[in-house]
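Survey of secondary and tertiary structure
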Amino acid sequence: MSHDGVGPRAVARPVAFLTAGVLVLPALAGCSEQDGAGRPSAGQDIAAAERDRVADGGTLHWAVDAVPETLNTFQADADATTSRVAGAVLPALYRLDVNGRPQRNPDYLESAEVVEREPRQVVLYKLDQQAVWSDGREIGAADFAAQWRALSGKDTAYWTARNAGYDRIEKIERGANDLEVRVTFKKPYADWQSLFTPLYPKDVTGTPDTFNDSARRGLKVTAGPFTVDEVDRASGDVTLKRNPRWWGRPAKLSELVLRAVPRDGRAAALAAGRLDLAEIDASQARRITSAGREGKAAQGAPLTHGPGAALTPGRALRSWAIAHGSDEEAAEEEITARKKRARAALKYAGQQSSLRGFTVRRSLEPSFTQLALNGSEGPLADERVRRAVARALDREELAEVVLKPLGLPAEPVGSHLALAGQHAYADGSGALGGQDTEEAQALLSDAGWVAGGPVKKEKKSKKAAGAERSGGADGTGDDGAYIVGGTDDKPGGRRGAGPGDGGAVLAPAPLAEVQRTALLVQAAELDGHRVAGKDGDGGKPAEKAEKTEKSEKAEKNLAQDGAKRLGPGAPGAYAPKGTAAPGRAAAGPLARNGKPLSLRFVLPSGPGSQPLRAVGERIARMLDEVGIRTQISKVADDSYFKDHIASGEYDLALYSWPASAFPATDARPIYAKPVPAADGSLNVEQNFTRVGTDQVDQLFDQAVAELDPEESRALVRKADARIWAAAGSIPLYQRPQLTAARTNLANAGAFGFQTPFYEDMGFLKKS
């Protein structure tokens, strides 16, 4: 999800994996207590500073996922980096504020308003008189008209990803003077503020050839606080330089370098000084936070994480014993391993020292994670089963799994079409109802799924391509050993058998062999206690079992309390009155016509998606409570979306959608009813759940054509209620956002909803 403007009218891209964030709550403007949209769940965290406190000059190195294939945001292969570049170098007529609401950008617009409604909608733009392209030409109607022609969809020679909004324009003309642009629509368009952001010069949009090719590798003409200086694919750097023709507040930075660094390598890149600002995951955030604490602690204190920290004392003793044992070959291998681990620990400690110069800035992304239910076939084609799945979920508990450990507000998302703080937001989940185990079971019973029925023996199904079936998340740990007594003198042994010793291995004397055996016994005992006491809590096995039993009871009570708080749903979310719910302790799986109720739950297997898997496995346990079995299928990250979600090869899946300031336009293809294509296939647009209704489509059509903002938002909220009732997707929580930033970097970090002010970013003056 890009935070670099209102957003290009390009295809929205789902986000499958998680980052993390921590709560910062500055005062938020623009939301009154009477505002039904409320306030954002978390504010931005950017170390805001007045410009006079920010030094002039300097280079900011900002991590991106990849060098963009194109700098044209309206092409199909545009990505988040494309949008970030556009936000810094091109006109954005509207920007998003801290509440995710569009606001006129005074650097480009003196005003913009609907001046006529009948017989046609007319919008009059009055441009800032200083607004010029970097070649000195004034920004004007010719640029607007060229972009409209390129994106209208009439000329297929233009390689455009989407033409939403531009296809509703009838004509564009000069107003009373060169600073006025009149846009006349052939059909009313409520989301007209979404258009012409970013605005490209007519040099790019004027012809199909220039549109398709000229902006892929560079932008010669720009009109923002920065210009594109170089796109270096070999080094992975996109370099932006201060624009000398910029008429707004001058950019504080001399250069802004967008550097391609893989997500899993960003902590090392930060420590090496290659980055100043980077979005990171929760594990990297913990490491940076720990580095700050360690810097304040006593020097020389051992690290509690990293190479060797995960090893038990027992294993450390065993390693020492083997290295000093009579088996020369085993001892040599262990000594080599210990040296390697010691080097890794030394390197890690050095990185930790460098990471003390960074802090973690935390907020919530303007996107949400949902549970998608594929309604095209199988049990989930029945709306009652989909509703049962939804009613089995404790969404508050699921939000807490991801957000509570990060210190963020664990609030379930109440809308498919907006997030708290945005104009269109309202909690529509009541159309489906809250967590209710008995009601979920009643819905399943009404659909014919009953407990204790005969189940035919099924043939073992083939695994999904690249899938690994598993009932739990893969556990991972750091390699390395905790060095014990590496330089002590040993009876009958050798001196200096630590990491740096390259001497020969000597056989121990008889007494040393006895001690070695005793050490191995102690190691086994220590490991046994470690397993019984889990992470060194010191508890006895019986005490541990008692604690586990109590925690499980507490978890069940928490889920029941959540169901009471959420209360009943709207009519239509229930099974018919009188339908009996099967007993919770009923023997055997739910079955119908001899087939068990089992759903394939597809999850990504990569290391960065562990939080997503944790949520998936919690969902699986909740579904098991109502009698729904799940088969968790862990698939490779690179095939997760293409081979499973987009192709419909799943029953349940978790992925995220960005929240738009213009849901009537941007959300329609995500929830539109699939229609048969000419070749007999199903055209789903971006509705990967394959669940849609005519009523939802009609409400979107009405909302996008309604020029009264309040009426348009009311129609969007009605559409959301119907989407909830159809139970094709269940919003769970807003995604966390974690950003590592140098401690002296100002006006940059976890932006939340707000479009960044690139010209204000910089490093604080030295005091």
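Residues numbered from 1 in each chain as written. Predicted model: local features only at pLDDT ≥ 70, side-chain atom pairs only at ≥ 80, totals over all residues. Heavy atoms only, no water.

So, on to the overall build of the protein. A tally of helices and strands in the protein yields 19 helices and 24 strands. For the protein, buried positions account for 52% of its 767 residues. In the protein, 74% of the contacts between residues at least 6 apart in sequence involve partners at least 24 apart. About 33800 Å² of surface is accessible on the protein, with carbon and sulfur atoms providing 50% of the total. (Helix = DSSP H or I, 4+ residues; strand = E, 2+ residues; numbered from the N terminus. Buried < 20%, exposed > 50% of the residue type's maximum accessible area, 1.4 Å probe, protein only. Contact = heavy atoms within 4.5 Å. Areas by Shrake-Rupley, 256 points an atom, 1.4 Å probe, with all protein chains shown as cover.)

In spatial order, the strands read β4-β5-β7-β6; together these four strands make up an open sheet with antiparallel pairing. Whereas interior strands pair on both sides, the edge strands pair on one side only; in this sheet they are β4 (109-116) and β6 (169-174). Looking at each pair of strands side by side, their axes are set apart by 15 degrees on average, direction ignored. Bridge count for β6 against strand β7 (residues 180-185) is five bridges, and the pairing is antiparallel. (Pairing = 2+ DSSP bridges. Axes fitted to C-alpha atoms, helices over the stretch in contact; angles between N-to-C directions.)

With that out of the way, let us pick up the environment of proline 412. Within the element layout of this structure, proline 412 appears in the loop between α10 (395-403) and α11 (437-446). Residue classification places proline 412 among the partly exposed residues on the basis of a relative accessible area of 28%.

Our next topic: the packing of α10 against helix α14 (residues 610-625). One way to put it is that α10 packs onto α14 with a least axis distance of 10 Å and a crossing angle of 155 degrees. The angle between the axes of α10 and α14 places the two elements in the roughly antiparallel class. Remark: the crossing between α10 and α14 carries right-handed chirality. Two secondary-structure elements touch here, α10 through Glu397, Leu398, Val401 and Val402 and α14 through Ala614, Val615, Arg618, Ile619 and Met622. A per-class count over the contact of α10 with α14 returns seven nonpolar, no polar and two charged. (Parallel < 35°, antiparallel > 145°, perpendicular 65-115°, else oblique. Left-handed = near helix turned anticlockwise from the far one by under 90°. Nonpolar A, V, L, I, M, F, W, Y, C, P; charged D, E, K, R; others polar.)

Following the criterion strictly, the structure yields 32 salt bridges and no others. For the salt bridge of aspartate 760 with arginine 51, the shortest nitrogen-to-oxygen distance reads 2.8 Å. Highlighted residues: aspartate 760 in the loop between β23 (745-746) and β24 (762-763) and arginine 51 in the segment before β1 (59-64), separated in sequence by 709 residues. Where arginine 217 meets glutamate 69, a salt bridge forms, and the shortest distance between an N and an O atom there is 4.0 Å. Of the two residues, arginine 217 is situated in the loop between α4 (208-214) and β8 (226-232) and glutamate 69 in the loop between β1 and α1 (80-89); the sequence distance between them amounts to 148 residues. Each member of the salt-bridge network shares a partner with another, and the members are Arg51, Arg249, Glu759 and Asp760. (Salt bridge = Lys/Arg side-chain N within 4 Å of Asp/Glu carboxyl O.)

Summed over the entire model, instances satisfying the criterion amount to 20 aromatic pairs. Residues tyrosine 125 and tryptophan 192 carry aromatic rings whose centres are separated by 6.3 Å and whose planes lie at 75 degrees to one another, so their mutual orientation is edge-to-face. Of this pair, tyrosine 125 sits in strand β5 (residues 122-127) while tryptophan 192 sits in the loop between β7 and α3 (202-205); the two residues are 67 residues apart in sequence, bridging distant segments of the chain. Judged by its relative accessible area of 1%, tyrosine 125 falls in the buried class. For the ring pair tyrosine 655 and tryptophan 657, a centre distance of 6.1 Å and an interplane angle of 75 degrees mean the geometry is edge-to-face. On the accessibility criterion, tryptophan 657 (2% relative accessible area) is buried. (Phe/Tyr/Trp six-rings, centres within 6.5 Å; stacked < 30°, edge-to-face > 60°.)

A word on the environment of proline 91. By secondary structure assignment, the location of proline 91 is in the loop between α1 and β2 (94-96). Judged by its relative accessible area of 0%, proline 91 falls in the buried class. With 105 residues separating them along the chain, proline 91 and phenylalanine 196 place their C-alpha atoms 8.3 Å apart. Sequence-distant contacts of proline 91, that is, excluding residues within four places in its chain, are made with Tyr108, Trp133, Ile139, Phe196, Thr197, Pro198, Leu199 and Ala223.

Our next topic: the nonpolar core. One finds Tyr125, Phe196, Leu371, Ile619, Leu654 and Leu732 to be the most contacted residues of the largest nonpolar core, which totals 163 residues. With seven residues, strand β12 (residues 358-373) is the largest single contributor of residues to this core. (Core = buried A, V, L, I, M, F, W, Y, C linked by side-chain atoms within 4.5 Å.)

Along the chain, the position of arginine 216 falls in the loop between α4 and β8. Taking the relative accessible area as the measure of exposure, arginine 216 reaches 18% and is therefore buried. Within the local environment of arginine 216, its side chain forms a polar contact with the side chain of glutamine 75, the two groups lying 2.7 Å apart. Every residue in contact with arginine 216, bar those within four places of it in the chain, is listed here: Glu69, Thr70, Leu71, Gln75, Asp77 and Arg233. (Polar contact = N/O pair within 3.5 Å; in protein donor to acceptor, adjacent residues only side chain to side chain.)

Attention now moves to a negative patch on the surface. On the surface, Asp327, Glu328, Glu329, Glu332 and Glu333 cluster together into a patch of negative charge. Looking at where glutamate 333 falls in the secondary structure, it is placed in helix α8 (residues 328-355). (Patch = residues over 30% accessible without salt bridge, like charges linked within 9 Å, V, L, I, M, F, W, Y side chains within 5 Å. Lys, Arg positive; Asp, Glu negative; His and termini not counted. Charge placed at Lys NZ, Arg CZ, Asp CG, Glu CD.)

Turning to the sheet that holds strand β16 (residues 595-596), a few remarks are in order. If you walk across this open sheet you meet the three strands as β13-β15-β16, and the pairing is antiparallel. On the outer flanks of this sheet lie β13 (450-451) and β16, each paired with one strand and no other. Looking at chain direction, strand β15 (residues 590-592) and β16 are connected through two bridges and run antiparallel. Each residue of the ladder has a partner; that of arginine 592, found in β16, is lysine 595.

Attention now moves to the confidence of the model for the protein. For the protein, the average pLDDT comes to 81, and 75% of its residues sit at 70 or higher. The model gives residues 1-11 a pLDDT under 50, and that stretch makes 49 contacts with residues more than four places away or in other chains. Low pLDDT, under 50, characterises residues 583-587; the predicted model gives this stretch eight contacts beyond four residues in sequence or across chains. (pLDDT = per-residue confidence, 0-100.)

On to the environment of glutamate 649, then. Within the secondary structure, glutamate 649 sits in the loop between α15 (637-645) and β19 (652-658). In the structure, glutamate 649 is positioned 49 residues away from arginine 600 in sequence and 8.9 Å away in space, judged by C-alpha atoms. Non-local contacts of glutamate 649, meaning those with residues more than four positions away in its chain, are made with Arg600, Val602, Asp643 and His644.

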